[in-house]
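Here is what each chain is made of, one letter per residue.
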Amino acid sequence: MVHTGQGKLIFGDNEAVTVNYWLEEFVSDEPGQKPRVKGRVSHAKGHPDWHPILTTHPRGPYTLVIGDGRKLEVFFENLQGSIVGDVSPS
């Protein structure tokens, strides 16, 4: 399943940045595994460079809140916005 839209990427201390996202949701073949996502995020407005925290904590985890209200724990794979993560049950 593919999800696209606008959401919030939450860094430490609850600082949030509005982002556009493209995510592909998938489930592992292993029983009992949580749904996972991979995709990309980009700033909705402003300069394309990422938040300064990525220079000192480049991977995360960070929280991505998508349009339907779900929260995903995501890790950056690179500074261009590629992410992977887990879908929380909320």
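Just so it is clear, the structure is predicted and the values come from calculations on it, not from any experiment.

(A) Representation of the nonpolar core in the model. Counting residues in each nonpolar core, the largest one holds 17 residues, and the members touching the most others are Leu9, Leu64 and Leu72. The set of elements that each furnish at least two residues to this core consists of strand S2 (16-27), strand S3 (35-43), strand S4 (62-65), strand S5 (71-76) and strand S6 (82-87).

(B) Quick peek at the pattern of salt bridges. Enumeration according to the criterion identifies three salt bridges in this entry. The partner of aspartate 86 in a salt bridge is arginine 36, with the nearest N and O atoms 2.5 Å apart. Here aspartate 86 is found in strand S6, whereas its partner arginine 36 is found in strand S3, with 50 residues between them in sequence. The class of aspartate 86 is buried, set by a relative accessible area of 17%. Among the charged side chains, a salt-bridge network with shared partners connects Glu25, Asp68 and Arg70.

Calculation criteria
Residues numbered from 1 in each chain as written. Predicted model: local features only at pLDDT ≥ 70, side-chain atom pairs only at ≥ 80, totals over all residues. Heavy atoms only, no water. Core = buried A, V, L, I, M, F, W, Y, C linked by side-chain atoms within 4.5 Å. Buried < 20%, exposed > 50% of the residue type's maximum accessible area, 1.4 Å probe, protein only. Helix = DSSP H or I, 4+ residues; strand = E, 2+ residues; numbered from the N terminus. Salt bridge = Lys/Arg side-chain N within 4 Å of Asp/Glu carboxyl O.

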